[in-house]
Amino acid sequence: MIQELDVDGVPTLLAPTGGPMRAGLTFRVGTADETLARSGITHLLEHLALAPLGLADYHVNGATGPVFTTFHMQGSAQDIATFLTSVCANLTELPTGRLDVEKEILRTEHSSRGTAAADDIPLWRHGARDFGLISYPEWGLGALTADDLRQWAARWFTRENAVLWIAGKAVPAGLRLALPSGVRRPVPAASSALPRTPAYFVSGSRAVVLDALVRRRTAASVFAGVLERELYRALRQDGGLSYQTTAGYEPRGDGHATLRALADALPEKQDAVLGGFVDTLAKLRVGRIDQADLDAVVAKREDFLGTAEVDAARLPSYAFNVLTGERNLTVDEHRAELKAVDIDDVHEVAREALTTALLMVPEGHRADWAGFAEAPTRSADTVSGTAYREKEGDGELHVGVDGVSWHGHGGPLTVRYADCALMLAWPDGARQLIGDDAISMRIEPTMFDLHPGAIRVIDSQVPADRQVVMPARDPDRIPQPRAATTALGRREPARRSWWEIPLMVVSGLAALAIGGGTFLLTLGMFVTETAESDKGWLWGTIAVGWLLTVILALPIVLLRRRRR
């Protein structure tokens, strides 16, 4: 049984374990509570709370997710008491002397972190806000101050906004959770950047990924298990198309859960994997569900519920439910709900999942043929303002009092100042505006006939708390007009020099004159009688004429290729 206690005003959960003692202190705060311009503040605070503890003899760590932050440890009762007591003390009196050091550590962590196939999905579904922020770098780190962190800790890291969970015999003696008083914070409302679903977007990943939102319930978690078995059978066992086929179910804390499935593919098999993936989803949507799959998933869950460590294993999710106000089930209630799930329930979840689905497909593929709408990559409207021509190309940048619009290749793109989630500002004048809907626009002053006051207008209109100053760039990384980088890494002129057009005209006229004469001479050799004594030198003249024509035309061909 999981006991519910109280330690220093913090709700506490205690469950027995036959293994090593472990504990965690979980707060209801995560990346979804931040803004893009201050992203990374929770992660930075987590690092600062752990930094003074140094090396430990047992496993110690912290984790920041979309809606919660946890400090956890495995070790003796005394070590756990010391660890959690110190964490709370550090949260109350932040060791801000390590602020710059921990910022660099976080930047290094981000640069060395590998990319997962599904990393961009939150951005496409939610935009550059709340649950979509996890897709972005922690751009806010540089501007964060010690006062920012203290205010964040006082708001979020409080007794009422925390849950302590312990897998062990009792609460460790000497444990003190000296946290300030506050209030329980609700999970933020999830935004949407998708005008309609089901939708799809194209990714550079080789995998096909399904992301869906469903109501949180036992039948939905069972559906995830059934979907995984179907994908494994269709794409790996029978088709031999994929190596990895997975499906998972994760509650979000607001009465809904994220359901995600993935199948990887070799480049030459992406068509077949996408087709097989969509066929599997369609099969479940129409109710073709194998009773044996349902029974196998339920049996596996019941086996877990029958283990001696089940209560200790459930502590983190139990704490999550306490923090978010969702109901916790007993083991017997879990068993009863599992046994009550039938094919009709799974079928209902399948229909719901396909209604909210967002499908990620490999580059060069589409999914509109399967009823998925293309997720927007352009803006639906534009703003009026002063137009500035692109120096290379036919695009135009419109800078207005309400926002900025780009008209050209890949556009239109619009970011309104009121809806700007973040503006990155470089000392050389470059700006990147990212809207709440994840539309991103890069403005390089060197590439436009831009009035100097245009950047000042943009800077004055974007709210100051959404601006992040970036470090100066190496001059070689600043785009320049009349220069295009080739595949070999050399820079070649992108515009014609003054002498190119006259040379092309002279070469063209000379080639036309000599080529025309040579053509007439060649034609005359076939239609008129020619003495045998004259044929030799005439054919020689023709050969020389054609050779000169090719030589004179060569500058035109080379200059056109150079231009491209």
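Please read all numbers here as calculations on a predicted model, not as lab measurements.

1. Regarding the sheet that holds strand β20 (residues 467–469)
- One open sheet holds the four strands; their spatial order is β19-β18-β17-β20, and the pairing between them is mixed. Of all strands in the sheet, those with a lone pairing partner are β19 (440–443) and β20, marking the two edges. Geometrically, the sheet is characterised by an average inter-axis angle of 15° between neighbouring strands, direction not taken into account.

2. Description of the sheet that holds strand β7 (residues 199–203)
- Strand order in the open sheet formed by six strands is β9-β10-β8-β11-β7-β12, with mixed pairing between adjacent strands. One side of each edge strand has no neighbouring strand; the edge strands of this open sheet are β9 (245–251) and β12 (373–374).
- As judged from the seven bridges shared by β9 and strand β10 (residues 256–263), these two strands associate in the antiparallel manner. From the neighbouring strand, T245 faces β10, where its bridge partner is A263.

3. Quick word on the confidence of the model for the protein
- Of all residues in the protein, 94% attain a pLDDT of 70 or more, and the chain-wide mean is 90.
- Segment residues 484–494 is flagged for pLDDT under 50; beyond a separation of four residues in sequence, or across chains, it makes 16 contacts in the model.

4. Side note on helix α10 (residues 315–324)
- Most of α10 sits inside the fold, with seven of its ten residues counted as buried.
- L315, Y318, A319, F320, N321, L323 and T324 are the residues of α10 that are buried.
- Where α10 is buried, its residues meet β1 (3–7), β2 (10–15), β3 (22–27), β6 (162–167), β9 and α9 (310–313).
- Looking one or two residues beyond α10, the residue adopting positive phi is G325, at roughly 80°.

5. Structural notes on the packing of helix α7 (residues 270–285) against helix α12 (residues 343–355)
- Relative to each other, α7 and α12 sit at 130°, their axes nearing to 8 Å. The orientation of α7 with respect to α12, classified from their angle, is oblique. On α12, the residues touching L281, L284 and R285 of α7 are H347, A350, R351 and L354.
- The residue inventory of the contact of α7 with α12, partitioned by class, reads four nonpolar, one polar and two charged.

6. Comments concerning the pairing of strand β18 (residues 431–435)
- Judged by how many residues are buried, β18 sits mostly within the fold: five of five residues are covered.
- Residues R431, L433 and G435 point to one face of β18 and Q432 and I434 to the other, with burial holding for every one of them.
- Note: strand β17 (residues 420–425) against β18, five bridges, orientation antiparallel. The residue of β18 that forms the bridge with L424 is Q432.
- Hairpin connection of β17 to β18: five residues between the antiparallel strands, including G429 at a positive phi of 105°.
- In this structure, β18 lies alongside β19, joined through four bridges in antiparallel fashion. From the neighbouring strand, I434 faces β19, where its bridge partner is S440.

7. Looking at the packing of aromatic side chains
- With the rule as written, the count across this model stands at seven aromatic pairs.
- Ring geometry for F27 versus F71: centroids 6.2 Å apart, planes at 85°, classification edge-to-face. Of this pair, F27 sits in strand β3 while F71 sits in strand β5 (residues 69–74), and the two are 44 residues apart along the sequence.
- Note on F68 and F320: the rings are 5.8 Å apart at their centroids and 75° apart in plane angle, and the pair reads as edge-to-face. On the criterion of sequence distance, the pair formed by F68 in the loop between β4 (60–64) and β5 and F320 in helix α10 is long-range, its members being 252 residues apart.
- By relative accessible area, which is 28% here, F68 ends up partly exposed.

8. Notes on the environment of E333
- If you trace the backbone, E333 turns up in helix α11 (residues 331–340).
- On the basis of relative accessible area, E333 is assigned to the partly exposed category, the value being 33%.
- The contacts of E333, once residues within four sequence positions are left out, are R327 and N328.

9. A short note on the packing of helix α6 (residues 218–238) against α7
- It is at 10 Å that the axes of α6 and α7 come closest, and there the two elements cross at 140°. Considering their axes alone, α6 and α7 lie oblique with respect to each other. Judged by the sense of rotation from one axis to the other, the crossing of α6 with α7 is right-handed. Note on element contacts: α7 touches α6 through V273, G276, F277, T280, L281, K283 and L284, opposite F223, V226, L227, E230, L231, A234 and L235.
- Broken down by class, the residue content of the contact of α6 with α7 amounts to ten nonpolar, two polar and two charged.

10. As for the nonpolar core
- Within the largest apolar cluster, 45 residues are counted, with the highest numbers of intra-cluster contacts made by L210, V222, F223, L227, F277 and L359.
- Sorting the residues of this core by element identifies β8 (208–215), α6, β10, α7, α8 (291–305), α11, α12 and β11 (358–362) as the ones contributing at least two each.
- Here this core gets nine residues from one element, more than from any other, and that element is α6.
- Aside from chain neighbours lying at most four places away, what touches F223 is L259, L284, V346, V349, A350 and A353.

11. Considering the layout of surface pockets
- Considered as a void within the structure, the second largest pocket measures approximately 450 Å³ in volume.
- Considering the residues around the second largest pocket, the lining is formed by 23 residues, among which R378, S379, D437, A438 and I439 are closest to the centre.
- Breaking the lining of the second largest pocket down by element, the ones donating at least two residues are α4 (121–126) and β16 (413–416).
- Per-element accounting of the lining of the second largest pocket gives the leading share, three residues, to β16.
- Class assignment of the residues belonging to the lining of the second largest pocket gives a composition of eleven nonpolar, five polar and seven charged.

12. Digging into the environment of H72
- By secondary structure assignment, the location of H72 is in strand β5.
- Linking H72 and A220, residues 148 residues apart in sequence, is a C-alpha distance of 29 Å.
- When near neighbours in sequence (up to four residues on either side) are disregarded, H72 contacts A23, G24, H59, V60, N61, G62, F83 and W165.

13. Some thoughts on unusual backbone geometry
- In this chain, T197 is followed by P198 through a cis amide linkage whose omega measures 0°.
- Within the secondary structure, P198 sits in the loop between β6 and β7.
- The omega torsion across G411 and P412 is 5°, close enough to zero to call that bond cis.
- Even without being glycine, D8 reaches a positive phi, approximately 55°.
- Here D8 shows up in the loop between β1 and β2.
- Unlike most non-glycine residues, D130 shows phi in positive territory, near 30°.
- Positionally, D130 belongs in the loop between α4 and α5 (146–156).

Thresholds, definitions, all that
Numbering of residues starts from 1 in each chain and follows the order in which that chain's sequence is written. It should be noted that, the model being predicted, local features are given only for residues of pLDDT at least 70 and side-chain atom pairs only at 80 or more, the latter also being counted only at that level, while totals for whole chains, interfaces and linings use all residues. Values reported for side chains reflect all heavy atoms of the structure, with hydrogen atoms and water molecules removed beforehand. A pair of strands is considered paired only if DSSP assigns at least 2 bridges between the two. A helix here means a DSSP run of H or I that spans at least four residues, while a strand means a run of E at least two residues long, and both kinds are numbered starting from the N terminus. For helices, the fitted line uses only the C-alpha atoms of the stretch in contact; every axis is such a line through C-alpha atoms, and the angle between N-to-C directions lies from 0 to 180 degrees. The score called pLDDT rates the predictor's confidence residue by residue, from a low of 0 to a high of 100. By the convention used here, residues are in contact when the closest approach between their heavy atoms is within 4.5 Å. Each residue gets one of three labels from its accessible area relative to the maximum for its type: buried under 20%, exposed over 50%, partly exposed in between, using a 1.4 Å probe on protein chains only. With respect to orientation, any angle under 35 degrees is reported as roughly parallel, any angle over 145 as roughly antiparallel, any angle of 65 to 115 as roughly perpendicular, and every other angle as oblique. In the scheme used here, Gly and all other residues not listed as nonpolar or charged are polar, with Ala, Val, Leu, Ile, Met, Phe, Trp, Tyr, Cys and Pro taken as nonpolar and Asp, Glu, Lys and Arg as charged. Ring pairs shown here join Phe, Tyr and Trp side chains whose ring centres sit within 6.5 Å, with only the six-membered ring taken for Trp; geometry is labelled stacked below 30 degrees between planes, edge-to-face above 60, and tilted in between. Left-handed is the label given to a crossing in which the near helix is rotated counterclockwise from the far helix by less than a right angle, and right-handed is the label when the rotation is clockwise. We call a set of buried Ala, Val, Leu, Ile, Met, Phe, Trp, Tyr and Cys residues a nonpolar core when their side-chain atoms join them within 4.5 Å. A cavity here means a set of 1 Å grid points, computed over protein atoms only, where a 1.4 Å probe fits but cannot escape. A pocket is an open set with protein on both sides within 12 Å along at least 5 of 7 lines, and lining residues have an atom within 4 Å of a point. Grid points are joined across faces, edges and corners, and a volume is the space filled by probe spheres set on the points.

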